[in-house]
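So you can see what is in the structure, the chains are spelled out below.
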Amino acid sequence: MERSRARVASPASCLLASLSPGLAILPGRLMVTLRSVLFWALVYAYCGLCACRELLKLLWSLGTRPAKTFQWLIRENPPGCLNDPCWGTHCYVRIKDSGLRFHYVAAGERGKPLMLLLHGFPEFWYSWRHQMREFKSEYRVVALDLRGYGETDAPAQRENYKLDCLITDIKDILESLGYSKCVLIGHDWGGMIAWLAAICYPEMVTKLIVVNFPHPSVFTEYILRHPSQMIKSAYYYFFQMPWFPELMFTINDFKILKSLFTGQSSGTGRKGCRLTTEDIEAYLYVFSQPGALTGPINHYRNLFSCLPLQHHEVTMPTLLLWGEKDPFMEVEMAEITRIYVKNQFRLTILSEASHWLQQDQPDIVNKLIWTFLKEESRKRE
């Protein structure tokens, strides 16, 4: 079967389309060069602004809490929840072509239809614990640690985290598990990978479910036209810097990591489930290991050289779930995504839910996924 590949457009094409009609009369090569220069000038200028902001935070911490700023603990022993058999079985698979060993946790009987779960940043397989327990009755549920995360191998070079590599990982893992197709579910950055995997390998994805991430073309176009979203996505730009983002995550014993899940503006629990102390310790255990942040942040360090994609449509039934209180993604992008799905598209926006939707509102999310899956089954019957 011929596989559909996504072509990558020049990242300058969307940026300069409306900047100056006069550019259209310039020679083609010069126009491309100007677009590229202006695009990267924007990227690095905003990267510099974000770095200055984080540097001010660091200086403030040094001024107010000098003794604690550079103190953090490496958690040597995992909390009990990470080895609780109720979530599933810890497994490993080595990919022949890349040579990388991937860690995943699997629940449900072998031979059942595969449900593959892709986490976001800064998360790992554990973010899907509520879904693993819920769907194992009818699916072989596999929650993956993406390349560079947790117990999965982390290549040292940032070039090994290009989108092509991340998309190919999903295909290779599927084949290594003995499956040719799956229900694919992704959240946040895992949602980005899920969209692209569905675009590149449509025969591999029977149903696509994405949580709090729009179609990639929507995201890349929207962010260039809406400064408010660019501000919310500031970390994409900040992560272009070497080593400094990793340092900022570790200060004050991973204060940023803790606040992402428990803070008033970004955390869970306003109207849903709060992460327990043990849940937070699970995240701290994984990301406090030496070098554990570099792989995840490397996912973002190749982004601007690969995007935006040209307008590629998704052809399988798609469910998009969105927490309206997401401080990182504007909800308007969810509705625009509709135009890129040339099959059944269902969008549900939960008004009181956060960015961490599958952990924040697990019962509602599970019910919506069941409804979507069973609705498709009834149509086939």
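In case you missed it, the structure is sitting above this.
What this report covers is the structure whose coordinates are included nearby. Values in this document were obtained by computation on a predicted structure and should not be read as measured data. (Residues numbered from 1 in each chain as written. Predicted model: local features only at pLDDT ≥ 70, side-chain atom pairs only at ≥ 80, totals over all residues. Heavy atoms only, no water.)

### Regarding the overall build of the chain
Defined as follows: To qualify as a helix, a DSSP run of H or I must reach at least 4 residues; to qualify as a strand, a run of E must reach at least 2; elements of each kind are numbered from the N terminus. Accessibility here uses a 1.4 Å probe with only protein chains present; expressed as a share of the type maximum, an area under 20% marks a residue as buried, one over 50% as exposed, and anything in between as partly exposed. Should any heavy atoms of two residues lie within 4.5 Å, those residues are considered in contact. Using a 1.4 Å probe, accessible areas were evaluated by the Shrake-Rupley method; residue-level cover was limited to the displayed protein chains.
A count of helical and extended segments in the chain gives 14 helices and eight strands. A burial count over the chain gives 56% of its 381 residues as buried. Restricting to contacts in the chain with at least 6 residues of sequence separation, those with at least 24 account for 76%. Accessible surface, the chain as shown: approximately 16,700 Å² in total, 56% of it carbon and sulfur.

### Digging into a nonpolar patch on the surface
Counted only if it meets this: Each patch groups residues whose relative accessible area exceeds 30% and which form no salt bridge, using 9 Å between like charges and 5 Å between nonpolar side chains of Val, Leu, Ile, Met, Phe, Trp and Tyr. A side-chain nitrogen of Lys or Arg and a carboxyl oxygen of Asp or Glu constitute a salt bridge if their distance falls within 4 Å.
On the surface, Leu55, Leu56, Leu59, Leu62, Phe70, Trp72 and Ile74 cluster together into a nonpolar patch covering about 640 Å² of accessible area. By secondary structure assignment, the location of isoleucine 74 is in the loop between helix H2 (28-64) and strand E1 (89-94).

### Topic: the nonpolar core
Counted only if it meets this: What we call a nonpolar core is a set of buried Ala, Val, Leu, Ile, Met, Phe, Trp, Tyr and Cys residues that are connected through their side-chain atoms within 4.5 Å.
Counting 123 residues, the largest nonpolar core has Leu184, Trp189, Leu208, Tyr236 and Tyr237 as its most contacted members. It is helix H5 (residues 189-200) that contributes the most residues to this core, ten residues altogether. Non-local contacts of tryptophan 189, meaning those with residues more than four positions away in its chain, are made with His119, Gly120, Phe121, Leu146, Leu163, Leu166, Tyr236, His299, Tyr300 and Leu303.

### Quick look at the pairing of E1
We count it as follows: Strands are labelled as partners when DSSP assigns at least two bridges between them.
Relative to strand E2 (residues 101-107), E1 runs antiparallel, the two sharing six bridges. Across the sheet, valine 93 pairs through a bridge with phenylalanine 102, a residue of E2. Counting the residues in the hairpin turn of E1 and E2 gives six residues, including glycine 99, whose phi is positive at 75 degrees.

### Overview of H5
Put simply, the rule is: The span expected for a helix works out to 1.5 Å for each residue beyond the first.
Its twelve residues give H5 an end-to-end C-alpha distance of 17 Å, which sits within 8% of 16 Å, the value for a rise of 1.5 Å per residue. Among all positions of H5, only Trp189, Gly190, Gly191, Met192, Ile193, Ala194, Trp195, Leu196, Ala197, Ala198, Ile199 and Cys200 are buried.

### Things to note about the sheet that holds E1
This is how the line gets drawn: For helices, the axis comes from a line fit to the C-alpha atoms of the stretch in contact; other axes are also lines fit to C-alpha atoms, and the angle between any two N-to-C directions lies between 0 and 180 degrees.
Taken in spatial order, the eight strands line up as E1-E2-E4-E3-E5-E6-E7-E8 in an open sheet, and their pairing is mixed. With partners counted over all chains shown, the strands left at the sheet margins are E1 and strand E8 (345-350), one partner each. Adjacent strand axes in the sheet meet at a mean angle of 20 degrees when their direction is disregarded. Two elements, strand E3 (residues 114-118) and strand E4 (residues 140-144), share five bridges in a ladder whose sense is parallel. Across the sheet, residue leucine 118 finds its bridge partner in E4, namely leucine 144. Helix-sheet contacts for helix H4 (residues 163-176) involve E1, E2, E3, E4 and strand E5 (182-187), and the interaxial angle to E3 is about 145 degrees. H5 contacts E3, E5, strand E6 (205-211) and strand E7 (318-323) of the sheet and is inclined by roughly 145 degrees relative to E5.

### Describing the packing of aromatic side chains
For any pair of aromatic rings, geometry is given as the distance between the ring centres together with the angle between the planes. We count it as follows: In this scheme Phe, Tyr and Trp rings, the latter by its six-membered ring, pair at centre separations within 6.5 Å, and the angle between planes marks the pair as stacked below 30 degrees, edge-to-face above 60, and tilted otherwise.
Under the definition given, this model contains 28 aromatic pairs. Judged by centre distance (5.7 Å) and plane angle (85 degrees), the ring pair of phenylalanine 121 and phenylalanine 249 falls under edge-to-face. Placement of phenylalanine 121 in the loop between E3 and helix H3 (129-135) and of phenylalanine 249 in helix H9 (residues 244-262) is noted, with a sequence separation of 128 residues between them. Its relative accessible area of 6% is what places phenylalanine 121 among the buried residues. A residue is classified by how much of its surface remains accessible, and phenylalanine 249, at 6% relative accessible area, is buried.

### Some details on the packing of H9 against helix H10 (residues 277-287)
Pairs of packed helices are described in terms of their axes, by the angle between the two and the distance that separates them. We count it as follows: We call a crossing left-handed when the near helix sits turned anticlockwise from the far one by less than a right angle, and right-handed when that turn is clockwise. In this classification, the charged set is Asp, Glu, Lys and Arg, the nonpolar set is Ala, Val, Leu, Ile, Met, Phe, Trp, Tyr, Cys and Pro, and all remaining amino acids, among them Gly, are polar.
Put simply, H9 and H10 touch, their axes get as near as 11 Å, and they point 145 degrees apart. By crossing handedness, the relation of H9 to H10 is classed as right-handed. Of H10, the residues touching H9 (which contributes Phe254, Leu257, Lys258, Phe261 and Thr262) are Ile280, Tyr283, Leu284 and Phe287. Split into classes, the residues belonging to the contact of H9 with H10 amount to seven nonpolar, one polar and one charged.

### Overview of the layout of surface pockets
Formally: Think of a 1 Å grid over just the protein atoms. A cavity is a set of points where a 1.4 Å probe fits yet cannot get out, a pocket is an open set with protein on both sides within 12 Å along at least five of seven lines, and lining residues have an atom within 4 Å of a point. Grid points are joined across faces, edges and corners, and a volume is the space filled by probe spheres set on the points.
Looking at the largest pocket, its volume works out to about 790 Å³. Lining of the largest pocket is provided by 34 residues; of these, Glu54, Lys57, Ile256, Ser259 and Leu260 occupy positions nearest its centre. Across the lining of the largest pocket, the residue classes tally to 18 nonpolar, nine polar and seven charged. Around the second largest pocket sit 26 residues that line it, and Tyr149, Gly150, Glu151, Val286 and Gln289 are the ones nearest its centre. Listing elements by their share of the lining of the second largest pocket, those giving two or more residues are H10 and helix H11 (294-301). Ranked by residue count, the leading element in the lining of the second largest pocket is H11, at three residues. By residue class, the composition of the lining of the second largest pocket is 13 nonpolar, eleven polar and two charged.

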